[in-house]
Amino acid sequence: MRENLGKQLSFTSLKWFNFFVYGTVVLFTSFFPLYLQDVGMNKLEIGSLMSVGALVSIIANPFWGIWSDRYQNIRRIVLVMLTGTLVLSQLVFQANTYEMIYISILFFYFFQGPLFAQSNTMILSYIDGTSRSFGSFRLWGSLGWALTAILAGPVIEWAGISVLSYLFASLLCAAMIALITLPKLDHSIGIAPLPFKGMRQIFYNPFFLCFIVFGILVSIPNTMNNTFVSLYITELGGSKTMIGLAVFLSSILEMGVLLLCNYVLRRKVSVLLASLTLVSALFFLRWWLMADATTPLQVALIQVLHSITFGGFFYVGTQLTMLLVPRPYRSSGQALYTLTWSGMSGILGGVFGGWMYQTLGAQTMYQSGALLALFGAIGFGIMWLTVIRGGYHPPADPEDELAED
């Protein structure tokens, strides 16, 4: 009975840990651009600064993956990452020159950027061998993201943007307390930190490369929106409360969309490509509506489409990667898919979007994003037609070839 009680307390701590971690991240992604604007940065400088995280993650993810595997104590590794995130976030908020902000943010992203990946690995390790599903813990993360956003908006509206550093530190400390209450793990599922050995074979797969290229076109405007939607709302006369509402509406249905995709969509290339074409078309509609928005409430309501577009694209893209890449190279395929979605697109979206917003305005930025999404949708549509007409042949699996020999 005591052992069962201990496990139950561990699961409760994991849920609260996920809640607070996601809460800290939404504070940073949704309200930090407002802080940067308040200290005098323009749109291009804000976009460039926010895109640094995608660049740093290319180095940071393998680094922390290697140490997690070598040290075999992922709970302590995550605690170190949280501590580094806490200390460096305060340096970012206390920096009084642009140079110090840039230097501090580089090191901040080194600790914070891979936090989701390592936290997910830790949760999977704790529930390994149990009847618990990862989705139930991911749900608490979604709740933390949505509720923190809608509650933080009025607080920042009342106290001023400078209170952001205290809110961020409070949630990080709460996450650290939840983490400390967890028992030490006696095993780890382990995830290969450098899954790129099959990259050469992947580049000989033109169908998969087309999927990656069209995915980049669709994901760049998504990064633009994530970086600048809070500035767009304030530019239209919206409050911090309205920003919190927009983020809440964009995330509250995400888990439902993921569960629906899991139950409805068949793991078949033609079905998934058709779904990806539809989702990309919805991205086009979303950005076109954003370009035509004239009130903050319209922007907030349009954000509801985020649950369908982002949730659907991420789920379908992950499943397609598993089908388009031979079994021995799937880890490399997933790494490349994640790198292009969050890394390359993050850099291009931040810098290109910042330049567009600064020189041509938000409407032009969103119209350009709509065109990119439209090109992506057309590309995925052509891929779908190729499949249903029999023009696509799955790449040979080396393991199957060896079995035949």
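The name an unreviewed UniProt entry gives the protein chain is MFS transporter, with Paenibacillus rhizoplanae as the organism. The heading Subcellular location (unreviewed entry) in the UniProt record of the protein chain holds the text "Cell inner membrane".

Now for the overall build of the protein chain. When helices and strands are counted, the protein chain shows 17 helices and zero strands. By the burial criterion, 52% of the 405 residues in the protein chain qualify as buried. Excluding contacts between residues fewer than 6 apart, the proportion of contacts in the protein chain whose partners are at least 24 apart in sequence is 85%. Summed over all atoms, the accessible surface of the protein chain reaches about 18,400 Å², with 67% contributed by carbon and sulfur.

Its location among the elements puts Ser251 in helix α10 (residues 240-251). Engagement of the side chain of Ser251 in a polar contact is seen with the backbone oxygen of Val247, the distance being 3.0 Å. Once you skip the residues sitting within four places of it in the chain, Ser251 turns out to touch Trp145, Ala146 and Ser307.

With 12 residues, α10 should cover 16 Å at 1.5 Å per step; its first-to-last C-alpha distance of 17 Å lies within 8% of that length. Burial of α10 is extensive: nine of the 12 residues sit out of reach of the surface. Among all positions of α10, only Met242, Ile243, Gly244, Ala246, Val247, Phe248, Leu249, Ser250 and Ser251 are buried.

All right, on to helix α14 (residues 305-324) then. For α14, spanning 20 residues, the distance from its first C-alpha to its last is 27 Å, which sits close to the expected 28 Å at 1.5 Å a residue. Across the 20 residues that make up α14, a large majority, 15, are buried.

With that out of the way, let us pick up a nonpolar patch on the surface. Where nonpolar side chains cluster on the molecular surface, the patch consists of Leu139, Leu143, Leu147, Leu151, Ile252 and Leu253 and spans about 490 Å² of accessible area. Positionally, Ile252 belongs in the loop between α10 and α11 (254-264).

Here we take up the environment of Asn222. In this structure, Asn222 sits in helix α9 (residues 206-235). Overall, the relative accessible area of 3% leaves Asn222 in the buried class. For the pair Asn222 and His306, spaced 84 residues apart in sequence, the C-alpha to C-alpha distance is 9.1 Å. Those residues in contact with Asn222 that lie beyond four places of it in its chain are Phe283, Arg286, Trp287, His306, Phe310 and Trp341.

A separate point is the nonpolar core. With 114 residues, the main nonpolar core has Phe32, Leu82 and Phe211 as its most contacted residues. Looking at this core, the element that brings in the most residues is α9, giving 14 residues. When sequence neighbours within four positions are dropped, the list of residues in contact with Phe32 reads Leu27, Leu49, Met50, Val92, Phe93, Ile105 and Leu164.

Here we come to the side chain of Ser230. With respect to the helices and strands, Ser230 occurs in helix α9. Residue classification places Ser230 among the buried residues on the basis of a relative accessible area of 1%. With residues near it in sequence (within four places) discarded, Ser230 still touches Ser30, Pro33, Leu34 and Ile243.

Our next topic: the packing of aromatic side chains. Taken as a whole and judged by the stated rule, the model has 29 aromatic pairs. Seen in terms of ring centroids, Phe28 and Phe32 are 4.3 Å apart; in terms of plane orientation they differ by 15°. Their pairing is stacked. Of the two residues, Phe28 and Phe32 both sit in helix α1 (residues 2-38), four residues apart, roughly one turn of that helix. Pair check on accessibility: Phe28 and Phe32 agree, each one buried.

Moving on: the packing of α9 against α10. A pair of packed helices can be characterised by two numbers: the angle between their axes and the separation between those axes. Where α9 meets α10, the axes come as close as 9 Å, and the angle between the chain directions of the two elements is 135°. The angle between α9 and α10 falls in the class oblique. For the pair α9 and α10, the sense of crossing is right-handed. Facing Ser230, Ile233 and Thr234 of α9, the residues of α10 in contact are Met242, Ile243 and Ala246.

Once that is clear, we can look at the environment of Ile156. Structurally, the position occupied by Ile156 is in helix α6 (residues 134-159). When the C-alpha atoms of Ile156 and Leu167 are compared, they prove to be 9.2 Å apart, with 11 residues separating the residues in sequence.

Relative to each other, helix α12 (residues 269-292) and helix α16 (residues 362-388) sit at 165°, their axes nearing to 8 Å. The pairing of α12 with α16 is recorded here as roughly antiparallel in orientation. With respect to the hand of their crossing, α12 and α16 are arranged in left-handed fashion. Looking at the contact of α12 with α16 residue by residue, the classes come out as 21 nonpolar, eight polar and no charged.

Each value, and the rule that gives it
Residues numbered from 1 in each chain as written. Predicted model: local features only at pLDDT ≥ 70, side-chain atom pairs only at ≥ 80, totals over all residues. Heavy atoms only, no water. UniProt positions renumbered as here; feature names shortened; annotations may be inferred. Helix = DSSP H or I, 4+ residues; strand = E, 2+ residues; numbered from the N terminus. Buried < 20%, exposed > 50% of the residue type's maximum accessible area, 1.4 Å probe, protein only. Contact = heavy atoms within 4.5 Å. Areas by Shrake-Rupley, 256 points an atom, 1.4 Å probe, with all protein chains shown as cover. Polar contact = N/O pair within 3.5 Å; in protein donor to acceptor, adjacent residues only side chain to side chain. Expected span 1.5 Å × (residues − 1). Patch = residues over 30% accessible without salt bridge, like charges linked within 9 Å, V, L, I, M, F, W, Y side chains within 5 Å. Salt bridge = Lys/Arg side-chain N within 4 Å of Asp/Glu carboxyl O. Core = buried A, V, L, I, M, F, W, Y, C linked by side-chain atoms within 4.5 Å. Phe/Tyr/Trp six-rings, centres within 6.5 Å; stacked < 30°, edge-to-face > 60°. Axes fitted to C-alpha atoms, helices over the stretch in contact; angles between N-to-C directions. Parallel < 35°, antiparallel > 145°, perpendicular 65-115°, else oblique. Left-handed = near helix turned anticlockwise from the far one by under 90°. Nonpolar A, V, L, I, M, F, W, Y, C, P; charged D, E, K, R; others polar.

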